[in-house]
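If you want the building blocks of each chain, they are given just below.
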Amino acid sequence: MVTSHKLGSYEASFDHPCRSDRMLSFISLLFASSLLVRCNGVVLRSWEDSYILANATTSAMTIDEKIGLVRGTGQLSSVRRCGGDTTPVSRLDVPSICFNDGPAGVRSTKGVTGFPTGINAASTFSRRLMLARGKALGEEFRGKGIHVFLGPAMDIMRNPKAGRGWESFGPDPYLNGEGAFQTITGVQSVGVQACAKHLIANNQEHNRYRLNANVDDRTLAEIYWYPFLRSIEAGVASVMCAYNKLNNTSSCHNAALIGNNGLLRRNGFKGYVVSDWGATHDSASDNANAGLDMEQPGDFIFIGGGVFAGLESAVDSGLVSADRLDQMVTRILAPWYLLGQDSGFPPVNFDAQHPDGSGSLNLNVSVRSDAHTALSREIASASAVLLKNNRTTTTGTLNGTTTRGLPLSASMMKTIAVVGQDAKMPNLNCNDLNECSDGTMSIGWGSGSNSLEFIIAPIDAITSFVGTSANITSSLSNDLTTGTAAAEGKNVALVFVNAMSGELGFYTIVAGNQGDRNDLDLWYQGSSLVEAVAAVNENTVVIVHSVGPVYMPWSTHPNITAIIYAGAPGEQTGPSIVDVLYGNYNPSGRLPFSIADSEDDYGTTILYDNPENINYAENLLLDYRYMDSMGIVPRFEFGFGLSYTTFAYSDLSISASGTSQIITFAVSNIGAVAGTEKPQLYLGYPSNAGEPSKVLRGFEEVVLDVGASSLVNMTLIQRDMSIWDTSIQSWIRPSGMFTVYIGASIRDIRLTSTF
């Protein structure tokens, strides 16, 4: 049986005035001149009122207290309970501000949810789920007493091998921007500060601590800056500056980025800038005067840091003015007041220095809930991308029972093979950075990783679901001999394969990969395993868990009846894939990147061997933009994803509304089961604009019963139709004719019109 998505109680709770797509949006609350609003039980103030309170508190602080707020207590501090913190000012009721990873769930503690990753949130093409995920993340961070959620990551996936690409939302700036906006809105709606990271052009791990990214002004604005612009529009509390240099200046003392007249402040950013851990260099005055408001972790940690140790001396000597120090402090305090953290915020109840839960400072408070588990499972299912489905049925019709392909029929699949080490439990005794690669891959490694404490492996979920209705034979390794022996003669063979990446950290190497992947191959001879199983089983279903694109030369094999790209789905990896395999969830995920046959097809590369400079010579042409410009047809294109049903598009119309364009069209479910379509809007600019041939400018989530139709409305605002004019440093709409493309992917265009 195939069922469509239904709104549950958790999702329904988003129908409140704080929701981002309501007239009373989170943005309007934050930017109103004077406003006090209760949202999700949290008092939210205006920026104006928050700065009044912050200034009053700052004026009552001593210089030592101010220094304690703008500088972390230190990575080696025995009193540090979070990933980073500050010194409290107890006499003024200002606590130690707690910062903690990561963008997919609370790290370094027990009793938390391992949410799906950013790249999986992107795969949903659902603002609703992005927002719900942000709210749930915020609830768990708040429950642990964490003031600042170190996320979302919004580092563009410039190259598919980039080690931390899975933390963000893919290579497209628009999709990254929507993921960032919805995540921040959700997190901050429950009174937790979001920290947008990593500013900017932080796109590979190799030599990241010394690397200089050379990016031209237009490329910076339209590609790498755009998600940060959307984060400002979401009212983000803080921004983290990156390790790398931008155009020969360190990101954390780059006044053109973070100074009073820099990119952040010119675009309305009202929060504070915090360094990545150890990303500061040179003097205290260099960093403070350039616009850095807080240094973390506060001491030198081999790669850098510790520069604000000299800040008080710099203030005393006049190298940094007292006014500038006060500005730093008020910028840090204002978001604390903005989100109501001065009243009723839970105290820290864990100890990040003892992630195993030991010690007197770990109070073992669980912040998990049934609603969060259900949401994680739904997002994992909604982000699963059905790439291939050669289904046959008992009757030869859509309404027949499946004999090959998906969804699996319990009545027909009586012998099942589960093959591949990716199906089994991961190593739960790995360190808290998850720097292990044995077992199922639910998330990458590094500071962006999350808890595996409650992970349910695919083999366990399948076994539980099937019960005694079928016989399961497993080969939970990538050994070709045992894999083929398990698969031969079975009604279906489920082959689980993966590829992983992560953070450079302290030069960590996992399975020969130092953060960035060495190549786009499946790990542990995964492709060979797939081909070997397909050679002996005519109903082979492949499930790929990966941090990004992988080569799939076997995708056209006639015995491979279905392929699911499941990404990095978090702890509910097993139950979610069972839901998709057996049709309890009709797949609706879409690729947030292209899957090509060669790294050359992407137009970029990772530079190994300690590069000093990366020249972003591809300019605006990333992923599908580059492929379109070169006439490259990928194996599976950006935005692609199949369903167990079929959708039709019709009745496209375009009308002007002020400076905006309103795009309206109809989507109909003409298939045999209920499902969810993800229509996408691509925009073609006038030929003289210097833009790629088509760029993503909209998407929607349309839930339809069999035979149902729905009108879809998308709005192109002025900026959606604009380009960055480097001469006047502003967005301008080029003159000429625009083309609107509505489709199911970048290459599956169903409707076209112009204005």
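Structure report, in brief. (Residues numbered from 1 in each chain as written. Predicted model: local features only at pLDDT ≥ 70, side-chain atom pairs only at ≥ 80, totals over all residues. Heavy atoms only, no water.)

### Comments concerning the overall build of the protein chain
Consideration 1: Helix and strand content of the protein chain: 20 helices and 30 strands.
Consideration 2: Overall size of the protein chain, expressed as C-alpha extent along the three principal axes, is 85 × 65 × 50 Å.
Consideration 3: When burial is assessed residue by residue, the protein chain has 65% of its 755 residues classed as buried.
Consideration 4: Across the protein chain, contacts joining residues at least 24 apart in sequence account for 74% of those joining residues at least 6 apart.
Consideration 5: Of the roughly 24,200 Å² of accessible surface on the protein chain, 51% is carried by carbon and sulfur atoms.
Consideration 6: Taking the average place of the 51 positive charges on the side chains of the protein chain and the average place of its 71 negative ones, the gap between the two points comes to 4 Å. (Helix = DSSP H or I, 4+ residues; strand = E, 2+ residues; numbered from the N terminus. Buried < 20%, exposed > 50% of the residue type's maximum accessible area, 1.4 Å probe, protein only. Contact = heavy atoms within 4.5 Å. Areas by Shrake-Rupley, 256 points an atom, 1.4 Å probe, with all protein chains shown as cover. Lys, Arg positive; Asp, Glu negative; His and termini not counted. Charge placed at Lys NZ, Arg CZ, Asp CG, Glu CD.)

### Overview of the sheet that holds strand 15 (residues 471-475)
Consideration 1: In space, the six strands of this open sheet follow the order 11-18-17-16-14-15, with mixed pairing throughout. Lying at the two open borders of the sheet, with one neighbouring strand each, are strand 11 (385-389) and strand 15. Geometrically, the sheet is characterised by an average inter-axis angle of 15° between neighbouring strands, direction not taken into account.
Consideration 2: Summarising the sheet, strand 11 and strand 18 (residues 560-565) pair through four bridges and their orientation is antiparallel. Counterpart to Lys388 in the pairing with strand 18 is Ile563.
Consideration 3: Relative to strand 15, helix 17 (residues 480-487) is tilted by about 170°, and along the sheet it contacts strand 14 (415-419), strand 15 and strand 16 (492-499).
Consideration 4: The strands touched by helix 19 (residues 573-581) are strand 16, strand 17 (540-546) and strand 18; relative to strand 17, the strand with the most contacts, the crossing angle is about 145°. (Pairing = 2+ DSSP bridges. Axes fitted to C-alpha atoms, helices over the stretch in contact; angles between N-to-C directions.)

### Describing the packing of aromatic side chains
Consideration 1: Going through the model one piece at a time under the given rule, you end up with 22 aromatic pairs.
Consideration 2: An angle of 85° between the planes, with centres 5.0 Å apart, marks the rings of Phe141 and Phe149 as edge-to-face.
Consideration 3: Judged by its relative accessible area of 0%, Phe149 is buried.
Consideration 4: One aromatic cluster is present, formed by Phe125, Tyr174, Tyr624, Phe638, Tyr682 and Phe699 through successive ring pairs.
Consideration 5: The residue whose ring lies beneath Arg158 is Tyr616, and the NZ or CZ to ring-centre distance is 4.1 Å.
Consideration 6: Over the aromatic face of Phe181 sits the side chain of Arg230, whose NZ or CZ is 4.2 Å from the ring centroid. (Phe/Tyr/Trp six-rings, centres within 6.5 Å; stacked < 30°, edge-to-face > 60°. Lys NZ or Arg CZ within 6 Å of the ring centre and 35° of its normal.)

### Some words on the state of the cysteines
Consideration 1: One pass over the structure, following the stated rule, counts three disulfides.
Consideration 2: Residue Cys82 pairs covalently with Cys98 via a disulfide, S to S 2.0 Å. Here Cys82 and Cys98 share a disulfide; its torsion about the S-S bond, -110°, makes the bridge left-handed. With a gap of 16 residues between them, Cys82 in the loop between helix 4 (63-70) and strand 3 (99-100) and Cys98 in the loop between helix 4 and strand 3 connect regions that are remote in the sequence. As far as the burial class goes, Cys82 and Cys98 line up, both buried.
Consideration 3: Considering cysteine sulfurs only, Cys241 is the nearest to Cys195, which forms no disulfide, with 9.0 Å between them.
Consideration 4: Accessibility expressed as a relative area gives 0% for Cys195, which makes it buried. (Disulfide = S-S within 2.5 Å.)

### A look at the packing of helix 8 (residues 217-224) against helix 9 (residues 226-233)
Consideration 1: Running from N to C, helix 8 and helix 9 cross one another at 50°; their axes reach a closest spacing of 5 Å. Judged by the inter-axis angle, helix 8 sits oblique to helix 9. Mapping the contact onto sequence places Ala221, Glu222, Ile223 and Tyr224 in helix 8 and Tyr226, Pro227 and Phe228 in helix 9.
Consideration 2: Here the contact of helix 8 with helix 9 is built from residues that sort into six nonpolar, no polar and one charged. (Parallel < 35°, antiparallel > 145°, perpendicular 65-115°, else oblique. Nonpolar A, V, L, I, M, F, W, Y, C, P; charged D, E, K, R; others polar.)

### Side note on the nonpolar core
Consideration 1: Leu311, Leu494 and Leu581 are the most contacted members of the largest nonpolar core, which totals 135 residues.
Consideration 2: Ranked by residue count, the leading element in this core is helix 14 (residues 322-338), at nine residues.
Consideration 3: Other than its neighbours up to four places away in sequence, Leu494 contacts Leu408, Ile416, Ala417, Val418, Val419, Ile462, Val541, Ile543 and Leu581. (Core = buried A, V, L, I, M, F, W, Y, C linked by side-chain atoms within 4.5 Å.)

### Remarks on the side chain of Asn586
Consideration 1: Checked against the element boundaries, Asn586 lands in the loop between helix 19 and strand 19 (613-615).
Consideration 2: Within the structure, Asn586 has its side chain in polar contact with the backbone nitrogen of Tyr644 (distance 2.9 Å). (Polar contact = N/O pair within 3.5 Å; in protein donor to acceptor, adjacent residues only side chain to side chain.)

### Considering unusual backbone geometry
Consideration 1: Cis geometry is found at the peptide bond from Leu199 to Ile200, where omega equals 0°.
Consideration 2: Relative to the helices and strands, Ile200 resides in the loop between strand 5 (193-199) and strand 6 (212-214).
Consideration 3: Between Gln296 and Pro297 the backbone carries a cis peptide bond, its omega angle lying at 0°.
Consideration 4: With respect to the secondary-structure elements, Pro297 resides in the loop between helix 12 (284-290) and helix 13 (311-317).

### Examining the sheet that holds strand 23 (residues 680-684)
Consideration 1: One open sheet holds the four strands; their spatial order is 24-23-29-30, and the pairing between them is antiparallel. Single-partner strands in this sheet number two, and they are strand 24 (695-699) and strand 30 (749-754). Looking at each pair of strands side by side, their axes are set apart by 25° on average, direction ignored.
Consideration 2: Bridge count for strand 23 against strand 24 is four bridges, and the pairing is antiparallel. Opposite Tyr682, over in strand 24, you have Leu696 as the bridge partner.

### So, the pattern of salt bridges
Consideration 1: Applying the stated criterion across every chain yields a total of 31 salt bridges.
Consideration 2: In this structure, Lys66 engages Asp326 in a salt bridge whose closest nitrogen and oxygen atoms are separated by 2.6 Å. One end of the pair, Lys66, is in helix 4; the other, Asp326, is in helix 14, and 260 residues separate them in sequence.
Consideration 3: When its relative accessible area of 12% is taken as the criterion, Lys66 is described as buried.
Consideration 4: Residue Asp326 is classed as partly exposed on the basis of its relative accessible area of 25%.
Consideration 5: Salt-bridge contacts for Glu222 lead to Arg218; the nearest nitrogen and oxygen are separated by 2.9 Å. Here the residue Glu222 and the residue Arg218 both occupy positions in helix 8, the gap between them amounting to four residues, near one helical turn.
Consideration 6: On the accessibility criterion, Glu222 (9% relative accessible area) is buried.
Consideration 7: Shared partners join several salt bridges into a network, and the residues in it are Arg127, Glu178, Arg230, Glu233 and Arg719. (Salt bridge = Lys/Arg side-chain N within 4 Å of Asp/Glu carboxyl O.)

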